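# Per-entry structural report
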Amino acid sequence: MTFYEEVGDQDMNHWRNQAAHVPDALRRYYLSFLASTVDAAEERSLLLSENESLLKDKEALGEEVSSLTKSLESIRKEAKEKDRQIRQLRESLEMTQKELNVNRAEMTSLKLELESMISGRNHERSQSGDIPALEERQIDVNGKAADSVPREDVVNESPVTQSGPISSTTDMSKETMSSSGTLTNVYTESNGEDGYKSMLTSDELSSHETRRDSVDEKHETELQTVQVLADTLPKIVPYVLINHREELLPLIMCAIERHPEHTVRDSLTHTLFNLIKRPDEQQRRVIMDACVSLARNVGDIRSETELLPQCWEQINHKYEERRILVAQSCGELGQFVRAETRPSLILSIIQQLIEDEATVVREAAAQNLALLLPLFPDLDKFFKVEELVFQLVCDPAGIVVEASLEQLIPAVVRWAKSEKQLIHHLLSALISRLLGSVQRCPPLSGVQDSLEFQLRILGERERWVSDVLLRLLTQLLPEVRRVAIESCPFPDIFPEEEEEAFFSDELLGLYARANLQWPDFDWLPEDCFPALLHLACMLPPREEGLRSRLAKLLLTASNLFGGAYLMSIVLPIFLMAAGDYADTSHLSSRLANRIKGFKPLTPRAEQLARTCVLPLLLAGVYGAPNMKEGYLAEYLKNLVLQSSVKQGAWTPVHTPELIDAVRFLCTFNQQHTVIVGVLWELVVNPNANVKSTAAVLFKALVPYVDLKLAQQQVLPALVTLGSDPNLDVKYSSIEAFGTVAQHFKDEAVVDKIRVQMDAFLDDGDHEGTVAVMRALAAAVPHTTPSLRDYLLQKLAMLSGATTQGTTLIRRREKVDVFCEAIRALDATEISAGNVKDLLLPTIQNLLKDTDALDPAHKEALEVMQRERSGGRLESISKHLKKTSMGGLFGEGGYLSAPGSPSSATASAPDSPQPAPSPQPEEGRLKRMMRANFGEMIRGKS
């Protein structure tokens, strides 16, 4: 029997509150059972000891907290005491400054009094003839007392007194004071006041007192005048015309310079900076000239304490003209402050102005930072200045970039010229930023194994930054050359007067054989050129601007370092990177191994090299002025011959990278003669593929040549190709003729093109006809009216020709080309006669062949036919609005009964009607929009 059964009269879940009720009895029993075991006892003892140690730690921490609290209270008391002392010191400083100003004023008055007295005595003695005796006594006294009287006793000029436009007495009497001050002091020190007075008669004493009173009055008058200026100028300035306020500058400057109170001078300085609300460039120049003159007169301490605070207050002004004035102040007042203030306070002001939202303010900041850098005492702030330089160079505003490149960069180079490590750091940071700006752009394709994955889609900002950094690198190349020449390890062999031909074959060979380090020379081939190759391999073909900038950089490097450097260093690097063989036996093993690593190893890498590196090799390396004569022509000819013989003629589909490389070379005008000479050699080559390639390259060359070269060289070559018996060669020149028609409007050139096109059309070949129509249609928007009329005549003739025996595919191809040509012509001005006699019949002929006509073309042609037919429906609707109801339904009206004679006459289809007068030509923009209507329809479908 269980316990529960024995006590069945008890509710075990709800115990009554009595003696038998023990809360948590089972848990207590279990704990007591565990405590009775040996392990439990040991564990309990450990817990108790640990509890005791924790209590002790708690007590120690409490004591430590109390001690820290007491120390904190004492520190607070000390801080309060120090604050009180600081306040007392500030108050005492202000009182001392006031007393000092008073003392300075007294010293100035005493000095003026002394000068007036001495000049008066000299004047009286010169009149009475006693000057020689006085001079003798002065010489005697000076001879006796010169050794005993120290120089410190001589009265010196107060540093506060400055020369200015108000008081000329000080300037006029400096010489008198310097010649007579010693005499007065010597007599005063040696004989005392009584001895000095004993030398003077009663008349002299009375005149001395009179002059002293006059000097006091004069000094008082000067101070009062300055005070009046200081009080009235702030009230006068607002009521003076803005264009004439600059005439107040001398008064403001004199008041600032002469007034003894600091607060008044600050107020006047504020008035000086705010003299004109929005000063233009000329007004800012006048204000800055005044500030510079004032800073020169008052010294560096007052310039820092009075002028620079005004700059700091104006830095966030709402008008950009005021902020420009602050930037000019930093650059032009920097030389009048202490050296330690320039790289700290003034540089901080410039840094904040560089981040200004106004373009002209950032431009002024760049210009004045260039003025400030030569005044820095050391190069401690170089890395901060470097960040500011890159921020300005990469600015989105063109005027800021130009100011930085033209003024700031030369100043930075001159400033850091003594430390070549800083120049290398600047170049390394430039290369890193250049590559980083392109690498951050998304790839052209997401397929990792494709060529487009290596190319980048550059945004406008990245393209701008890359172009500016390439310009900066080009500008720094002369400095790279200078550092390399100065660190040359062979100074005795190559004198400095031969710097233009410094990097000769002899020097390069000697360095290749010597086991020496020349890191300044190795920077270009080991760091710069590999980075440029990496950059070039990320630029797609459409980034022609950046590729041109790279080519110009290579041309500049070749011009600076000479032809030997170009042939020995630059040419092997880019030949190997383009996938060709390069001789590196004349180089050091380290550099040769580095160059061999540039060679592409996979087919995709070779294609990438042809796309990105080959244009630079042609234009930037072989196209250099100091490249050996004939090297470019030989390389270009071999490139075309080898690829055309092995892979066939060049086409935009199969070899676009090779055509783009030659076309990029054509953008350099100085290479046109070489290119035309090579192409003529290809024209007379017996291989048909080579001739076809020449025609393709002539098409790429035509947009960049002038009229004279086109008439004398290009057109004769194309005529030769167009007369070739091989049809592939003949028809490959048609697109080139069309390109000539697009770019030249000379009638002689157009006549030659028409003659050649007639020859092509006379052959009657389908491919030739389609190619001619396509080439002329592409030239329609840019060519002459005579060629447009010629095309319209040919369209009318060819569209009316029979198409029996022609396959549907060829008919569709021909009709599509004709429709494209019609649409191109419809977007231009066509005479009414040509519309009636040529355009409308051509449209009707094309609409007849419904099987070959594309629905989109059909719709566009119908629209053209309705609008070019004279607008009969529109004229009818206009006439209906003008007629009355009787005229509409009466006899002879448009809506008369069908049986009436007039209606029968009007409805007779064969009755002769006068030709509708052509409507005025519609706007050219509307026709151009309609010309693209068919393409829009096809694109949607």
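Conventions and cut-offs
Residues numbered from 1 in each chain as written. Predicted model: local features only at pLDDT ≥ 70, side-chain atom pairs only at ≥ 80, totals over all residues. Heavy atoms only, no water. Helix = DSSP H or I, 4+ residues; strand = E, 2+ residues; numbered from the N terminus. Buried < 20%, exposed > 50% of the residue type's maximum accessible area, 1.4 Å probe, protein only. Contact = heavy atoms within 4.5 Å. Areas by Shrake-Rupley, 256 points an atom, 1.4 Å probe, with all protein chains shown as cover. Core = buried A, V, L, I, M, F, W, Y, C linked by side-chain atoms within 4.5 Å. Expected span 1.5 Å × (residues − 1). Bend = angle between axes of the 7 residues up to and from the residue. UniProt positions renumbered as here; feature names shortened; annotations may be inferred. pLDDT = per-residue confidence, 0-100. Phe/Tyr/Trp six-rings, centres within 6.5 Å; stacked < 30°, edge-to-face > 60°. Axes fitted to C-alpha atoms, helices over the stretch in contact; angles between N-to-C directions. Parallel < 35°, antiparallel > 145°, perpendicular 65-115°, else oblique. Left-handed = near helix turned anticlockwise from the far one by under 90°. Nonpolar A, V, L, I, M, F, W, Y, C, P; charged D, E, K, R; others polar. Polar contact = N/O pair within 3.5 Å; in protein donor to acceptor, adjacent residues only side chain to side chain. Salt bridge = Lys/Arg side-chain N within 4 Å of Asp/Glu carboxyl O.

Looking at an unreviewed UniProt entry, one finds the chain named Cyclic nucleotide-binding domain-containing protein and attributed to Marchantia polymorpha subsp. ruderalis.

Our focus in this paragraph is the overall build of the chain. The secondary structure content of the chain amounts to 42 helices and zero strands. The buried share of the chain, reckoned over its 941 residues, is 44%. Contacts in the chain between residues at least 24 apart in sequence constitute 71% of all its contacts with a sequence separation of at least 6. With an accessible surface of roughly 50,900 Å², the chain has 54% of that area assigned to carbon and sulfur atoms.

A few words on the nonpolar core. Formed by 242 residues in total, the largest nonpolar core has its most connected members in F503, F574 and L617. Counting residues per element, this core draws most heavily on helix α21 (residues 563-577), which supplies 12 residues. Those residues in contact with F503 that sit more than four places away from it in its chain are R481, A484, I485, L508, W518, F521, F561, A564 and Y565.

Moving on, we get to helix α28 (residues 688-701). Here α28 spans 20 Å end to end across 14 residues, near enough to the 20 Å set by a 1.5 Å rise per residue. Burial within α28 is extensive, with 11 of its 14 residues counted as buried. All of the buried residues in α28 are V690, K691, S692, T693, A694, A695, V696, L697, F698, A700 and L701. The elements touched by buried residues of α28 are α25 (631-647), α26 (656-666), α27 (672-683), α29 (707-722), α30 (727-732) and α31 (734-743).

With that settled, the discussion passes to α29. Remark: the principal bend of α29, roughly 35°, maps to V714, with a proline, P716, within the next four residues. Considered for burial, the residues of α29 that qualify are L709, A710, V714, L715, A717, L718, L721 and G722. On its buried face, α29 is in contact with α27, α28, α30, α31 and α32 (747-762).

Per the UniProt record, the feature "repeat: HEAT" (unreviewed entry) sits at residues 346-378 and 714-752. Structurally, residues 714-752 is divided into 79% helix and 0% strand, and its ends, taken at the C-alpha atoms, are 12 Å apart.

This paragraph deals with the confidence of the model for the chain. Looking at the chain, the pLDDT average stands at 79 and 77% of residues meet or exceed 70. At the low end of the mean pLDDT range in the chain sits helix α40 (residues 901-907), at 36; at the high end sits helix α24 (residues 614-621), at 95. In this model residues 129-200 is a low-confidence stretch, pLDDT under 50, and it forms 83 contacts with partners more than four residues away in sequence or in other chains. Scored below 50 in pLDDT, residues 872-926 makes 42 contacts in the model with residues more than four places away or belonging to other chains.

The next subject is the packing of aromatic side chains. Throughout the structure, instances matching the rule amount to 18 aromatic pairs. Relative to F503, the ring of F502 has its centre 5.2 Å away and its plane inclined at 80°; by these criteria the two rings are edge-to-face. Taking relative accessible area as the criterion, F503 reaches 4% and is therefore assigned buried. Aromatic pair F664 and F668: ring centres 5.6 Å apart, planes at 80°, arrangement edge-to-face. A single burial state applies to F664 and to F668, both of which are buried. Each residue in the set F502, F503, Y511, W518, F521, F561 and Y565 is aromatic and connected to the rest through ring pairs, giving one cluster.

Next up on the list: the packing of α21 against α24. Axis separation between α21 and α24 bottoms out at 9 Å; the angle between their running directions is 160°. Considered as vectors, α21 and α24 are oriented roughly antiparallel to each other. Along this stretch, α21 crosses α24, giving a crossing that reads as left-handed. Along the contact surface, α21 presents L566, V570, L571, F574 and L575, while α24 presents L616, L617 and V621. Grouping the amino acids of the contact of α21 with α24 by side-chain chemistry returns eight nonpolar, no polar and no charged.

Where helix α7 (residues 249-258) contacts helix α8 (residues 262-273), the axes come no closer than 9 Å and their chain directions differ by 155°. Relative to α8, the element α7 is oriented roughly antiparallel. Relative to α8, the crossing made by α7 is left-handed. Along the contact surface, α7 presents L249, I252, A255 and I256, while α8 presents R265, L268, T269 and L272. Among the residues making up the contact of α7 with α8, the classes are represented as six nonpolar, one polar and one charged.

Locating R663 in the fold gives a position in helix α26. Among the polar contacts listed, one links the side chain of R663 to the side chain of E544, at a separation of 2.8 Å. Ignoring anything within four residues of it in the chain, the contact list for R663 reads E544, A700 and Y704.

Within the secondary structure, L587 sits in the loop between α21 and α22 (589-596). Residues L587 and L510, 77 residues apart in the sequence, show an inter-C-alpha distance of 9.9 Å.

With that settled, the discussion passes to the side chain of S733. With respect to the helices, strands and loops of the structure, S733 is situated in the loop between α30 and α31. On the accessibility criterion, S733 (0% relative accessible area) is buried. Those residues in contact with S733, other than ones at most four positions away along the chain, are A695, L718, L721, G722 and F760.

The next thing to look at is the pattern of salt bridges. Across all of its chains, the model carries 33 salt bridges by this definition. Of the charged contacts in the structure, one is a salt bridge between R285 and E332, with a shortest N-O distance of 2.5 Å. In this pair, R285 is assigned in helix α9 (residues 281-298) and E332 in helix α11 (residues 320-332), connecting sequence segments 47 residues apart. Here E332 falls in the buried class, since its relative accessible area comes to 16%.

You can see E460 is positioned in helix α17 (residues 460-486). As for E460 and P396, which are separated by 64 residues in sequence, their C-alpha atoms are 9.9 Å apart.

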